[in-house]
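# Results of the structural survey
Here's the letter readout for the chains.
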Amino acid sequence: MRLSFAITSMIALAFLVPLGYVTKQIAHDRALAEARYQADAMVAALASVSGNGSGALDRAVATVPAGQSGRLAVHLMGEPTVGTSHASAQDVQLAGLQGRSATVEAPGGLAYLQTVVLDGDRTAVVEVYVSDGDLSRGVGAAWLALAGLAVVLVAGSTLVADRLGAQIVRATRRLAEGARAFGDGDLHARVEPEGPPELRDAARSFNRMADQMVAFADAERELAADLSHRLRTPLTALRLDADAMPPGPIGERMRQAFDALDGEIEQIITAARRSAADRVPETTDLVEVVADRLAFWSVLAEDQRRPWRVVGGQEPVFVPVGESDLVSAVDCMLGNVFQHTPEGTGFEVQVSPRGLVVDDAGPGIRDPARAQRRGASGAGSTGLGLDIVRRVAETAGGRLVIDRSPLRGARVAILLEPVRGRR
């Protein structure tokens with residue numbers, strides 16, 4: 001109903017605004033035409049009384065309706081003005097010199113000036129005053145009538161359109177609700193075709209599109225699962241080599257790394273095998289993930305003599321991201337420090353309800369925008385890591401920020417809107 005009201009109101013305005021302007025212009029032109037008529041009548045009277053003295057001229061002015069109402073004046077060049085003048089002397093003199101008619105502004109309205117040449121080459125200027133009230137006479141009533149007509153038309157059209165369009169509006173609303181639910185992640189959302197043929201066809205097309213998108217996503221995830229499974233063979237060979245290493249911290253660290261990598265691949269395969277439509281929103285504790293990944297990276301930081309510290313993290317910070325995705329993003333942020341800064345370079349990790357910030361004291365990132373593009377980050381990197389961080393941040397409704405850190409190096413931050421609750 002609101003849509004019908006808006007449309008009919010716009011149509012009414014599109015017609016009534018020009019009509020209102022035309023009505024005002026007609027009233028304006030009508031008043032000026034009446035002034036010209038009065039001036040022409042006075043010119044005819046001047047022709048009959050010319051040379052008979054000022055008394056005859058006064059009587060001639062009094063015979064014209066405009067003169068009787070004090071709206072007419074006759075200006076004889078070099079002689080006193082007969083009648084009531086409203087125009088300025090400069091305008092009257094200019095009209096007499098130019099020898100043509102003119103409309104000039106006067107206090108409270110307009111003055112129509114008409115120049116006439118009398119016998120003896122004398123020039124007279126006939127002035128007819130038109131007040132603002134005369135210029136707009138009848139406009140208010142006409143506008144009121146137009147407004148009443150507009151109200152009747154809008155109300156009637158809205159009621160009729162609402163009756164006729166109730167089915168269309170209902171079908172459109174349900175189609176929009178289904179599309180919104182699908183866009184918000186409910187991959188089971190479908191629309192029951194109803195309404196006119198066009199909307200039924202749109203609903204069927206939407207359902208087909210949704211089915212194809214789910215099938216496409218499942219195919220892509222199945223491919224990812226197959227590729228991840230193919231990593232098992234080289235990983236097994238490397239694990240055998242690691243098991244063959246003599247006991248010691250290096251061998252133990254390598255075996256732990258292989259165990260972590262094997263667990264990550266298993267999680268990828270398990271997650272990829274699930275249909276996209278069967279996935280449910282996940283919530284992960286950012287503090288717990290950061291603590292777990294720092295336990296892993298701290299060993300390498302100790303070997304490379306990198307000073308580091310953690311700020312915050314006293315309370316859980318739950319974010320709407322899956323655990324595996326959040327682990328990947330944190331590893332990319334921490335791994336970026338170890339990969340692109342010299343050994344011995346310190347770093348700082350800040351965890352808060354706003355998200356995660358990693359600062360380092362390295363050379364920094366010269367082109368942050370390029371660093372986020374795959375295959376274009378430079379410095380021997382594919383740019384995939386920061387792209388993963390960006391996608392995880394955007395999936396959670398946040399954003400990736402790359403800037404200069406207080407440690408004079410690079411700052412990589414995920415600014416998220418935390419979701420507090422239970423896992």
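Notes on the structure in this doc start here. (Residues numbered from 1 in each chain as written. Predicted model: local features only at pLDDT ≥ 70, side-chain atom pairs only at ≥ 80, totals over all residues. Heavy atoms only, no water.)

## Concerning helix H10 (residues 286–303)
The first and last C-alpha atoms of H10 sit 26 Å apart over 18 residues, in line with the 26 Å expected at 1.5 Å per residue. Along H10, the largest kink reaches about 35° and is centred on Trp297. Three or more residues of H10 are buried, namely Leu286, Val287, Val289, Val290, Arg293, Leu294, Trp297 and Ala301. Buried residues along H10 sit in contact with strand E6 (284–285), strand E7 (308–312), helix H11 (323–340), strand E9 (347–352) and strand E10 (355–360). (Helix = DSSP H or I, 4+ residues; strand = E, 2+ residues; numbered from the N terminus. Expected span 1.5 Å × (residues − 1). Bend = angle between axes of the 7 residues up to and from the residue. Buried < 20%, exposed > 50% of the residue type's maximum accessible area, 1.4 Å probe, protein only. Contact = heavy atoms within 4.5 Å.)

## Quick look at the sheet that holds strand E12 (residues 410–415)
Pairing is mixed across the open sheet formed by five strands, whose spatial order is E7-E9-E10-E12-E11. Whereas interior strands pair on both sides, the edge strands pair on one side only; in this sheet they are E7 and strand E11 (399–404). In this sheet, adjacent strand axes meet at a mean angle of 15° when their direction is disregarded. Across five bridges, E10 lies against E12 in antiparallel orientation. Considered in E12, the bridge of Leu356 is made with Ile414. Together, E7, E9 and E10 form the strand contacts of H10, whose direction differs from that of E9 by roughly 170°. (Pairing = 2+ DSSP bridges. Axes fitted to C-alpha atoms, helices over the stretch in contact; angles between N-to-C directions.)

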